[in-house]
Number of protein chains: 2
Amino acid sequence: MQKYYIGADIGGTTIKMAVITEDGSIVEKWEISTNHKDEGNHIPEDIQSSLKSKLVELGIQKEQVLGIGAGAPGFVNADSGFVYQTVNIGWRNFELGSILNEKTEFPVFVDNDANLAALGEKWKGSGENSNDLIAVTLGTGVGGGIIANGEVINGVNGTGGEIGHITVIPEGGAACNCGKTGCLETIASATGIVRLAEEAISKNPETSLVELSSNGLTAKDVFQAASAGDKQAREVLDYVTDVLGMTIANLAIACNPSKIVIGGGVSKAGEDLLIPLRKAFDQYALPRTSEACEFVIAELGNDAGVLGGAFLVKQNLGLE
Amino acid sequence: MQKYYIGADIGGTTIKMAVITEDGSIVEKWEISTNHKDEGNHIPEDIQSSLKSKLVELGIQKEQVLGIGAGAPGFVNADSGFVYQTVNIGWRNFELGSILNEKTEFPVFVDNDANLAALGEKWKGSGENSNDLIAVTLGTGVGGGIIANGEVINGVNGTGGEIGHITVIPEGGAACNCGKTGCLETIASATGIVRLAEEAISKNPETSLVELSSNGLTAKDVFQAASAGDKQAREVLDYVTDVLGMTIANLAIACNPSKIVIGGGVSKAGEDLLIPLRKAFDQYALPRTSEACEFVIAELGNDAGVLGGAFLVKQNLGLE
């Protein structure tokens, strides 16, 4: 009898769901809207009812489902499936795991969404089953997931892998959404790159970035201007990749991974990002750490979370 | 039948050995000299023959020994017991685990010495069985061991936990023994503290450190001068604890530990070290990371390695 995993990647706007085979092929994926009513209390029943109809539609029996792996955008106790707090959903001290288990009668395993994305890339993406991997997502913010000895580092109260909030500017750094200043996120996110480019414009109105900025500057614009030879854009990116490369090198000295997986919108710059990033990394890492470590671009995009959810079930059931 | 673990902490000068009960009491501990002849090739037989006589002396039968946990000063593959390279012993690509197993006929498990010390503190020291712990040893150098999900992070080629070589000064830092510049070790080791104090003396000959330095300045002198109100000594220590506190905070954001265990000679300063260190840590860590995390001084001293060795056996045999 064919068995399946269910992945549910719960975000502030939509919940991405998928039915996934034991070897990690997506049979079907779909989305439902995130229901914010009553502090997100209806989300488990929304998942349950949507899943139920989908399984009927696909002709999958209950006993073919091995379990649900769910990602939540916030701090999670992965052992108990307890969600301490979330960013874009009203959950606070929410028993996601046990409520979803009660409603669906399937085994449920929960982790932070960025951690699940790291697990997804490990299993079916560019992580190539590495047991020691650091995933860095450069989007509006900077997210991360660290895998050591094959397992996600969730930590004692769910803040493990919050790479975006590593302090990179000890004094006088820009304010971060987390309340601190000088976090990696203020430099290496798309938002950070745009902020630095805007600072460069104000200091040097000669730059070609000025024109681009009239339509609202994006991180992509900065990469394109640098490629076209704009000096200010190049300086901004040199600074960003230096700071990011050093931060990843320092993490790599601690965790000694074989893969660094770079994802998120900014990673679409591809080699234009990876080449200077790798150069900075090599400058700051131990040679031995460097030689064992490969930089790759994430491959799974929006599917990383649901595939990571499936792998979390696989891992917890000892089916690895 | 009472069972025992054997710990062997192999250093450049001596090999510390111990017979340890299942609950972690040291029955007997002793040392033998590290035999550097033939690139350290005789070390396994030295351990074997010393252990054999000790077991006879104690009346312990072969079948009472559960296994040997050995620590090596260098890069190790903990899965295979293979030592890639060592610092003070001639080993390079040395099959420590299998050679020692062949000679003694006991199961042998190997890890880096600093990692074993972290495991020892976790099990029987101030780590209080925390599954998420960072150990930092401030001695001549800066060593470290990171435990996540209950296991040491050894990494893909054995450089995991090399906290001393995290870059804290991106440009123009002091040279480190590893070949890089600006490593944490150049600031937060006893050697680093003395170097910074000597720099302070050369800039400001008014300091009380001048007198102390005539007999060869030590890190302890710097702590004592600061306690006695010396401004330059205080500034040196404020700087050291700020840099160290930020580095540990950044690691803690990544690993979210419940314990930070500070050991080594410099840790003898106790609260004079911990109080400013904790203050710096709180400034740079996420509040949620901070509130879950306790700073403690290591308790086991030279016994940490052998106890960690015993725990490594316990863990690998599934006796936890």
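What counts, and where the lines are drawn
Residues numbered from 1 in each chain as written. Chains lettered and ligands numbered in written order. Predicted model: local features only at pLDDT ≥ 70, side-chain atom pairs only at ≥ 80, totals over all residues. Heavy atoms only, no water. UniProt positions renumbered as here; feature names shortened; annotations may be inferred. Contact = heavy atoms within 4.5 Å. Buried area = accessible area lost by both parts, 1.4 Å probe. Salt bridge = Lys/Arg side-chain N within 4 Å of Asp/Glu carboxyl O. Helix = DSSP H or I, 4+ residues; strand = E, 2+ residues; numbered from the N terminus. Nonpolar A, V, L, I, M, F, W, Y, C, P; charged D, E, K, R; others polar. Pairing = 2+ DSSP bridges. Axes fitted to C-alpha atoms, helices over the stretch in contact; angles between N-to-C directions. Phe/Tyr/Trp six-rings, centres within 6.5 Å; stacked < 30°, edge-to-face > 60°. Lys NZ or Arg CZ within 6 Å of the ring centre and 35° of its normal. Buried < 20%, exposed > 50% of the residue type's maximum accessible area, 1.4 Å probe, protein only. Domains from an automatic or database assignment. Core = buried A, V, L, I, M, F, W, Y, C linked by side-chain atoms within 4.5 Å.

Per an unreviewed UniProt entry, chain A goes by the name Glucokinase and belongs to Thalassobacillus cyri. Regarding chain A, the UniProt comment filed under Sequence similarities (unreviewed entry) reads as follows: "Belongs to the ROK (NagC/XylR) family."

Peer 1: Any chance you could explain the interface of chain A and chain B here in plain terms?
Peer 2: Accessible area lost when the parts come together is the quantity often used to give the size of an interface. Residue-level contacts link 42 residues of chain A with 42 residues of chain B. Summing the contributions of chain A and of chain B, the shared interface buries around 3,400 Å²; its carbon and sulfur component is 57%. Applying the counting rule to chain A against chain B returns zero salt bridges. Of all the secondary-structure elements, those providing two or more residues to the side of chain A that touches chain B are strand E6 (82-86), strand E10 (142-148), strand E11 (151-152), helix H9 (231-255), helix H10 (271-284) and helix H11 (287-291) of chain A. Residue classes in the side of chain A that touches chain B are distributed as 20 nonpolar, 16 polar and six charged.

Peer 1: Please clarify how the sheet that holds strand E3 (residues 26-33) of chain A should be interpreted in this entry.
Peer 2: Neighbouring strands of a sheet are bound in pairs by backbone hydrogen bonds; such pairs are parallel or else antiparallel. Residues and elements named next belong to chain A. Strand order in the open sheet made by the five strands is E3-E2-E1-E4-E8, with mixed pairing throughout. Edge strands, defined here as strands with exactly one partner in the open sheet, are E3 and strand E8 (108-112). Neighbour to neighbour, the strand axes of the sheet diverge by 15° on average, direction disregarded. Relative to strand E2 (residues 14-21), strand E1 (residues 4-10) runs antiparallel, the two being bridged by seven bridges. What sits directly across from isoleucine 10, in E2, is isoleucine 15. The sheet strands contacting helix H3 (residues 96-104) are E1, strand E4 (65-72) and E8, and the helix crosses E8 at an angle near 150°. Set on the sheet, helix H4 (residues 113-124) makes contact with E1, E2, E4 and E8; between it and E8 the angle comes to about 105°.

Peer 1: Before we go on, may I ask you to explain the packing of aromatic side chains in this structure?
Peer 2: To describe a pair of aromatic rings, one takes the distance between the centres and the angle between the planes. A complete count under the given rule lists 10 aromatic pairs over all chains for this structure. A centroid spacing of 5.6 Å and a plane angle of 75° characterise the contact between phenylalanine 82 of chain A and tyrosine 84 of chain A, whose relative ring orientation is edge-to-face. Between the aromatic rings of tryptophan 123 of chain B and phenylalanine 311 of chain B, the centroid separation amounts to 5.5 Å while the plane-to-plane angle is 40°, which identifies the pairing as tilted. Separated by 188 residues along the polypeptide, tryptophan 123 of chain B in helix H4 (residues 113-124) and phenylalanine 311 of chain B in helix H12 (residues 304-316) bring together distant segments of the chain. Taken together, Tyr5, Trp123 and Phe311 of chain A form an aromatic cluster joined through their ring pairs. Of note, lysine 62 of chain A hangs over the ring of phenylalanine 106 of chain A, and the distance from its end group to the ring centre comes to 5.4 Å. Sitting over the ring of tyrosine 84 of chain B, arginine 288 of chain A keeps its end group 4.3 Å from the ring centre.

Peer 1: Help me out: how do you make sense of the pairing of E6 of chain A in this one?
Peer 2: A regular strand places its side chains so that they alternate between the two faces of the sheet. The buried fraction of E6 of chain A is high, at four of five residues. Taken together, E6 of chain A and the strand that follows it, strand E7 (residues 92-94) of chain A, pair antiparallel across an intervening segment of five residues.

Peer 1: Which parts of the structure should I look at to understand the sheet that holds E7 of chain A?
Peer 2: All names here are of chain A. Pairing is antiparallel across the open sheet formed by three strands, whose spatial order is E5-E6-E7. Each edge of the sheet is formed by a strand with only one pairing partner; in this case those strands are strand E5 (74-77) and E7. Each strand axis lies, on average, 20° off the axis of its neighbour in the sheet, ignoring direction. In this structure, E6 lies alongside E7, joined through two bridges in antiparallel fashion. Each bridged residue has a counterpart across the sheet, and for glutamine 85 the counterpart in E7 is arginine 92.

Peer 1: It is not clear to me how the domain arrangement of chain A should be interpreted in this structure. Could you clarify?
Peer 2: Residue and element names in this part refer to chain A. If you check the domain split of chain A, you get domain 1 (4-112 + 302-316) and domain 2 (128-298). For domain 1 versus domain 2, the separation of C-alpha centres amounts to 29 Å. Tallying the contact residues gives seven residues for domain 1 and nine residues for domain 2. Across the interface of domain 1 and domain 2, roughly 590 Å² is buried in total on both sides, 41% from carbon and sulfur atoms.

Peer 1: How should I be thinking about the nonpolar core in this particular structure?
Peer 2: What tends to happen in soluble globular proteins is that the nonpolar side chains get buried as a cluster. Of all hydrophobic cores here, the largest spans 104 residues; its most connected members are Ile262 of chain A together with Ile262 of chain B. Once residues lying within four places of it in the same chain are set aside, the contact partners of isoleucine 262 of chain A are Val136, Leu138, Ile248, Ser267, Leu273, Leu274, Leu277, Phe295, Val296, Ile297 and Ala298 of chain A.

Peer 1: Explain the pattern of salt bridges to me, please; I cannot follow it from the model alone.
Peer 2: Where charged atoms from two side chains of opposite charge approach closely, those side chains can pair. Summed over all chains, the structure comprises 20 salt bridges over all chains. For glutamate 105 of chain B, the salt bridge is made with lysine 62 of chain B, and the minimal N-O distance between the two is 3.2 Å. One end of the pair, glutamate 105 of chain B, is in the loop between helix H3 (96-104) and strand E8 (108-112); the other, lysine 62 of chain B, is in the loop between helix H2 (43-58) and strand E4 (65-72), with 43 residues separating them in the sequence. Glutamate 105 of chain B gets classed as exposed once you look at its relative accessible area, which sits at 61%. On the accessibility criterion, lysine 62 of chain B (43% relative accessible area) is partly exposed. Between arginine 195 of chain B and glutamate 199 of chain B there is a salt bridge whose closest N-O contact spans 2.8 Å. Of this pair, arginine 195 of chain B and glutamate 199 of chain B both sit in helix H6 (residues 190-203), four residues apart, which is roughly one turn of the helix. Its relative accessible area of 26% is what places arginine 195 of chain B among the partly exposed residues. Overall, the relative accessible area of 34% leaves glutamate 199 of chain B in the partly exposed class. Bridged by salt links that share partners, the residues Glu28, Lys54 and Glu57 of chain A form one connected network.

Peer 1: Looking at this structure, I do not really get the pairing of strand E1 (residues 4-10) of chain B. What am I missing?
Peer 2: Residue and element names in this part refer to chain B. Among the seven residues in E1, seven count as buried, and that is most of the element. Side chains Tyr4, Ile6, Ala8 and Ile10 of E1 all project onto a buried face; the interleaved residues Tyr5, Gly7 and Asp9 project onto the opposite face, where all are buried too. Two successive antiparallel strands, E1 and strand E2 (residues 14-21), enclose a turn made up of three residues. Bridge count for E1 against E4 is six bridges, and the pairing is parallel. Residue isoleucine 6 lies in a different strand from E4, and its bridge partner there is isoleucine 68.

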